[in-house]
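Each chain is listed here by its residues.
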Amino acid sequence: MSKESTQNHQRYTITAALPYTNGPIHIGHLAGVYVPADIYARYLRLKGHDVAFICGSDEHGVAIPMKAKKEGVTPMQIIDKYHSLIKDSFERFGIAFDNYSRTSAPVHHKTASDFFTKLHGQDDFIEEVTEQLYDEEAHQFLADRFVTGTCPRCGNPEAYGDQCESCGSSLNATDLIDPKSTITGSKPVLRETRHWFLPLDRYQDFLKEWILVGHKADWKPNVYGQVKSWIDEGLKPRAVTRDLDWGIPVPVKGGEGKVLYVWFDAPIGYISSTKEWAEREGKDWEPYWKDKDTKLVHFIGKDNIVFHCVIFPVMLHAHGDYVLPENVPANEFLNLEGQKLSTSKNWAVWLHEYLEDFPGREDVLRYTLTANAPETKDNDFTWKDFQARNNNELVAIFGNFVNRVMVLTQKYYDGKVPEAGSLQEIDRQTLEEVQKAPALIGKAIENYRFREASQQLMNLARLGNKYLADEEPWKQIKTDPERVQSIMYVAIQITAALAVVSEPLLPFTSAKLKAMLSPEKEFTPDWKAVTEAEALIPSGTVLGKAELLFSKIEDKDVSEQLEKLENTKKMNEAANKTAEPQKETSTFDDFTKMDLRVGTIIEAEKMPKADKLLVLKVDTGIDTRTVVSGIAKSFKPEDIIGKQVTVLVNLAPRKLRGVESQGMILMTENKEGKLVFVNPDEAGVTNGTIIS
RNA sequence: GGCGAGGUAGCUCAGUUGGUUAGAGCGUCGGAUUCAUAACCCGGAGGCCACGGGUUCAAAUCCCGUCCUCGCUACCA
């Protein structure tokens, strides 16, 4: 039994990762973060706990103004658009946040600002001055992505400051030849800039003690392992400010023109969102963050582990007043039909599109994603599996059982719940099983095993189906109608239990079922009642009309979705085919400066301790020279020996991992992204022949 | 290259500190049934637990090595 579940907590603060408002959200987000968090929060509420389930939009960071610029709108328009789209998707999927805020809210600006000021006042930051590119016309420092220039490696004149999209190298903006600001087009200058750093290295011991010792047993292996890896590598100070004008201004002297780094301000968003909620509800927010009897749990995806397990806890710890998270149950990633979800490649099932394609089937997606959640490793979502889960489990087992009970009750008793009569052993046993369900499901949820919880829920419906099959009321009605009263009484209690325990996982279905069971007045039994109440639905209650809870998903529905994905794929391929625009004019002189020769690879071996590099010996006709080439992912050394290639022989030599590279092999890329050589069309060209 | 997480039935996954014959759901095959959305219920088949060593009376589980997948990190035309 883990340490955390044996403790008694007075209240729970549950957070779900703040979605970034530069795009809509998809099933990966839902499966990994929001559905599990929602199940957890709903479950705790049903148990009568004091819960604050907190989320909001993350609206700062350099990607927002960049996207705005690209689309010719203001950053505000971007965040407003996606904030409402995302918020709406959550609401429609029944993700029942107590509060959904946004980091552009004044309460957040103040909270984050105060937080920074407090740490600053305690000397919890260190300051450092570095040289960064500065746009004198726009009067601002330039984030790497706001700089373009000529790639020092491949000569592509359109390389970004952080990466050259032509050759794939990752760069520093200061490496670019002839850099240009994308804001004004002017040439940026190097200017000194001061930044604040959170010295994570100071907290090495604290983290070791708190996580490596304290949470060895109760944190998930993937989370624990990743954190251990970071701590073992040694933590370094991390900048918490940026030269940018979009975000929360740095509230101390010297902070003019700078904002808090988005990853500093975002997790504080949980706190501000809690404040906003407390204010609205007339509550005090502080116990939810500062009382040691509060259990704080962060639901996130694995990409956020470092921020929630290292950086934010260090911030909270340094501040001094706050509790630390008791668990950070990060999930792995969800793939879609065998491929990674990708916002930029549009390889995703977008929630707002699902809601249109499958109206009224919010629970189906919730269930499918839960039953196959990426809890311990990356998982694959397929539409075929989605269909199978719906048709074989929700329809055939859950929905069908409920329908059988409703129809039989209607048929035999005009919908009125019969007397229990004298219960037999099988009845008592069955009811006992039903009473165990909340504990089984609850334990799974408390241990963040949502897949298991979904199966336990389904097992309760299975129990009902088996009970009916064994007792055969449709046969007994002919010979022993009194017995049938008991049977149907029991079956109805199982149905009622399903209505209660399905609420965290299938809130829409639960509501529908409750309305069916108790059309006159609200159906109120809570989690505990399933185990303790004499009867969830008393005899004499008149049930409502039988309605199907779920309907089949046809092959056609599946093939339509697959087709949609195929189209996406084709569009992506087409988009990749569009050639990049022609580069700026180069003179004949420029060209003749490059000495291109035909050469032959005569030796090739892997560069030790590097993944992508091969060390080649090339016969250039002039000499035999060493060329280091980053092609190891596309070729095995033994396969390219003897290959004739094109070599840029007068490229300035450059040392790569200690080996001097004396030239460059010309490469291009095929459709699959595999590198291919650019070489003479026919054999028999002599090495050293000039290419012109 | 370093680190982390995975590798168990055709598929998706459980297997608690080593301990009977390795489990579940789906799929498949067979049976039974008709209240129910041809659904439910019962049963069978299906496993070199990635691979190779080792520790042990006993290994899916612990140790060493190798391979594969994913991630972090280094390096990168």
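Treat the numbers as computed from the prediction; the structure is a model and nothing was measured.

A. Layout of the nonpolar core. Y34, Y40, F264, L365, W383 and F398 are the most contacted members of the largest nonpolar core, which totals 173 residues. Looking at which element gives the most residues to this core, the answer is helix 17 (residues 481-501), with 14 residues. Residue contacts for F264: discarding those within four places in its chain leaves A112, F115, F116, L119, F125, V240 and M315. One finds L614, A632, V647 and F677 within the second-largest nonpolar core, a separate group that totals 16 residues.

B. Fine view of the pairing of strand 4 (residues 126-135). Of the pairings in the sheet, the one linking strand 4 to strand 9 (residues 189-198) comprises nine bridges and is antiparallel in character. From the neighbouring strand, E128 faces strand 9, where its bridge partner is H195. Where strand 4 meets strand 5 (residues 140-141), two bridges bridge the pair, whose relative direction is antiparallel. Across the sheet, Y134 pairs through a bridge with F141, a residue of strand 5.

C. Geometry of helix 14 (residues 425-446). Taking 1.5 Å per residue, 22 residues should reach 32 Å; helix 14 reaches 32 Å between its end C-alpha atoms and fits that length. For helix 14, the principal kink sits at K436 and spans about 30°; a proline, P438, occurs within the next four residues. The elements touched by buried residues of helix 14 are helix 2 (27-46), helix 15 (450-471), helix 17 and helix 19 (527-532). Residue Y448 follows helix 14 closely and has a positive phi angle near 60°.

D. Representation of unusual backbone geometry. A positive phi angle, close to 50°, is found at E337, a residue other than glycine. Within the fold, E337 resides in the loop between strand 14 (334-336) and strand 15 (339-340). Phi is positive for Y448, which is not a glycine, with a value near 60°.

E. Layout of the sheet that holds strand 17 (residues 596-606). Strand order in the open sheet formed by five strands is 19-18-17-20-23, and the pairing between neighbours is antiparallel. In the strand order of this sheet, the two ends are held by strand 19 (624-629) and strand 23 (664-665), each with one partner. Bridge count between strand 17 and strand 18 (residues 614-619): six bridges; the pairing is antiparallel. What sits directly across from E605, in strand 18, is V615.

F. Representation of the side chain of S518. Inspection of the secondary structure assignment puts S518 in the loop between helix 18 (507-517) and helix 19. At a separation of 2.6 Å, a polar atom in the side chain of S518 contacts the main-chain carbonyl oxygen of K521.

G. Representation of the environment of A17 in the model. Assignment of secondary structure puts A17 in the loop between strand 1 (11-16) and helix 2. The exposure class of A17 is buried, given its relative accessible area of 6%. Residues A17 and I300, spaced 283 residues apart in sequence, show a C-alpha to C-alpha distance of 5.2 Å. In this structure, A17 is in contact with V33, Y34, C55, Y270, F299, I300 and N304, ignoring residues within four places of it in sequence.

H. Inspection of the confidence of the model for chain A at higher detail. Residues of chain A with pLDDT of at least 70 account for 91%, and the chain-wide mean is 88. Across chain A, the secondary-structure element scoring lowest on mean pLDDT is helix 1 (residues 3-6), at 44, and the one scoring highest is helix 9 (residues 287-290), at 98. Confidence estimates for the predicted assembly give a pTM of 0.86 and an ipTM of 0.91.

What counts and what doesn't
- Residues numbered from 1 in each chain as written.
- Chains lettered and ligands numbered in written order.
- Predicted model: local features only at pLDDT ≥ 70, side-chain atom pairs only at ≥ 80, totals over all residues.
- Heavy atoms only, no water.
- Core = buried A, V, L, I, M, F, W, Y, C linked by side-chain atoms within 4.5 Å.
- Buried < 20%, exposed > 50% of the residue type's maximum accessible area, 1.4 Å probe, protein only.
- Helix = DSSP H or I, 4+ residues; strand = E, 2+ residues; numbered from the N terminus.
- Contact = heavy atoms within 4.5 Å.
- Pairing = 2+ DSSP bridges.
- Expected span 1.5 Å × (residues − 1).
- Bend = angle between axes of the 7 residues up to and from the residue.
- Polar contact = N/O pair within 3.5 Å; in protein donor to acceptor, adjacent residues only side chain to side chain.
- pLDDT = per-residue confidence, 0-100.

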